[in-house]
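Architecture and fold: a report
Read off the chains here:
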Amino acid sequence: GDSVTQMEGPVTLSEEAFLTINCTYTATGYPSLFWYVQYPGEGLQLLLKATKADDKGSNKGFEATYRKETTSFHLEKGSVQVSDSAVYFCALSDPPGNQFYFGTGTSLTVIP
Amino acid sequence: ETGVTQTPRHLVMGMTNKKSLKCEQHLGHNAMYWYKQSAKKPLELMFVYNFKEQTENNSVPSRFSPECPNSSHLFLHLHTLQPEDSALYLCASSQGPSGSNTGELFFGEGSRLTVL
């Protein structure tokens, strides 16, 4: 069956550090891939998405590339800010718009 | 603002109470979902409705009763809950499996439930 595996947290970084959160997936079909972010006390918000191999999703300085050969969708940001402190979830939809699978979430804390 | 509104945002109830959570989506979507988010646990899918019909029930105890009167509204009726049911309950919507779409979910802000 389909599944998503993302790196365990928590992750603590200094402001302006480089961020990588690893995500790999298993899918029987051809999924769409997503990163969601959850700020304290809020629901999940879509951060970025990619729908086919080699697509790069980007938003707010975050990027992730759909790598079919390595079944990965790692989240990166070149310079994190305190305001990026949140929990990040990798997810897939297979088939798109039907079944959804979430990773366990990675908590990020950015310190000044 | 994601287009999905949940009320109430916070709810405290005793184990013998009956209460309901409400979700409304203004996105024209055909599918609606209830998820449970507990501390230190993965996101749990509870129920899925497509075009008002329940298409998934992930072995959820009967003390949780969903209702979907139309494609824009979703309720979760709660009765005789247990303290371990305390969690953040998230509603989401999507276009659903029909048509070509990229399939993302749009979440509400959640209803924080505390069962005493």
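For the structure itself, look to the data block above.
Definitions and cut-offs
Residues numbered from 1 in each chain as written. Chains lettered and ligands numbered in written order. Predicted model: local features only at pLDDT ≥ 70, side-chain atom pairs only at ≥ 80, totals over all residues. Heavy atoms only, no water. Helix = DSSP H or I, 4+ residues; strand = E, 2+ residues; numbered from the N terminus. Rg over C-alpha atoms; globule rule 2.2 N^0.38 Å. Buried < 20%, exposed > 50% of the residue type's maximum accessible area, 1.4 Å probe, protein only. Disulfide = S-S within 2.5 Å. Pairing = 2+ DSSP bridges. Axes fitted to C-alpha atoms, helices over the stretch in contact; angles between N-to-C directions. Contact = heavy atoms within 4.5 Å. Buried area = accessible area lost by both parts, 1.4 Å probe. Salt bridge = Lys/Arg side-chain N within 4 Å of Asp/Glu carboxyl O. Polar contact = N/O pair within 3.5 Å; in protein donor to acceptor, adjacent residues only side chain to side chain. Nonpolar A, V, L, I, M, F, W, Y, C, P; charged D, E, K, R; others polar. Phe/Tyr/Trp six-rings, centres within 6.5 Å; stacked < 30°, edge-to-face > 60°.

Let us look at the overall build of chain A. A tally of helices and strands in chain A yields zero helices and twelve strands. The C-alpha atoms of chain A give 13 Å as radius of gyration, which agrees with the globular expectation for 112 residues (13 Å, within 12%). Along the three orthogonal principal directions, the C-alpha set of chain A runs to about 40 × 25 × 20 Å. Taking all 112 residues of chain A together, 45% fall into the buried category.

Okay, the state of the cysteines next. Overall, the coordinates contain two disulfides over all chains when judged by the stated rule. Here A:Cys23 is linked by a disulfide to A:Cys90, with a sulfur-sulfur distance of 1.9 Å. Between A:Cys23 and A:Cys90, the S-S torsion sits near -70°, and that sign places the bridge as left-handed. Of this pair, A:Cys23 sits in strand 4 (residues 23–26) while A:Cys90 is found in strand 10 (residues 86–93), placing the two residues 67 residues apart along the sequence. In this model B:Cys23 forms its disulfide with B:Cys91; the gap between the sulfur atoms is 1.9 Å. Since a negative S-S torsion denotes a left-handed disulfide, the B:Cys23-B:Cys91 link at about -75° is left-handed. Taken together, the residues span a long stretch of sequence, with B:Cys23 in strand 3 (residues 18–25) and B:Cys91 in strand 9 (residues 87–94) at a distance of 68 residues. B:Cys68 takes part in no disulfide bond, and the closest cysteine sulfur to it belongs to B:Cys91, at a distance of 9.0 Å.

Hydrogen bonds along the backbone pair up the strands of a sheet, which may run parallel or antiparallel. Residues and elements named next belong to chain B. The sheet built from four strands is open, its strands ordered 1-3-8-7 with antiparallel pairing. The outermost strands of the open sheet, each flanked by one partner alone, are strand 1 (4–7) and strand 7 (64–70). Strand-to-strand twist of the sheet, defined as the mean angle between neighbouring strand axes without regard to direction, takes the value 15°.

Tallying the contact residues gives 20 residues for chain B and 20 residues for chain A. Taken together, both faces of the contact between chain B and chain A bury some 1,500 Å²; the carbon and sulfur share is 55%. Here chain B is connected to chain A by one salt bridge. Notably, a salt bridge pairs B:Glu104 with A:Lys49, separated by 2.8 Å at the nearest N-O pair. Counting the contacts that link chain B with chain A gives five residue pairs in polar contact (both at pLDDT 80 or more). At the level of secondary structure, the elements contributing two or more residues to the side of chain B that touches chain A comprise strand 4 (31–37) and strand 9 of chain B. By residue class, the composition of the side of chain B that touches chain A is nine nonpolar, seven polar and four charged.

The relation between two aromatic rings is expressed through the spacing of the ring centres and the mutual angle of the planes. Within the structure shown, the criterion is met by twelve aromatic pairs over all chains. Their ring planes at 85° and their centres at 5.6 Å tell us that A:Tyr36 and B:Phe107 sit as a pair that is edge-to-face. One end of the pair, A:Tyr36, is in strand 5 (residues 32–38); the other, B:Phe107, is in strand 10 (residues 106–107), on a second chain. Each of the two residues, A:Tyr36 as well as B:Phe107, counts as buried. Ring centres of B:Tyr35 and B:Phe107 lie 5.7 Å apart, and the angle between their planes is 50°; this geometry places the pair in the tilted category. Taken as a pair, B:Tyr35 in strand 4 and B:Phe107 in strand 10 lie far apart in primary sequence, 72 residues in all. For the pair shown, B:Tyr35 and B:Phe107 are each scored as buried. An aromatic cluster of three or more residues is present, and its members are A:Phe34, A:Tyr36, A:Phe100, A:Phe102, B:Tyr33, B:Tyr35 and B:Phe107.

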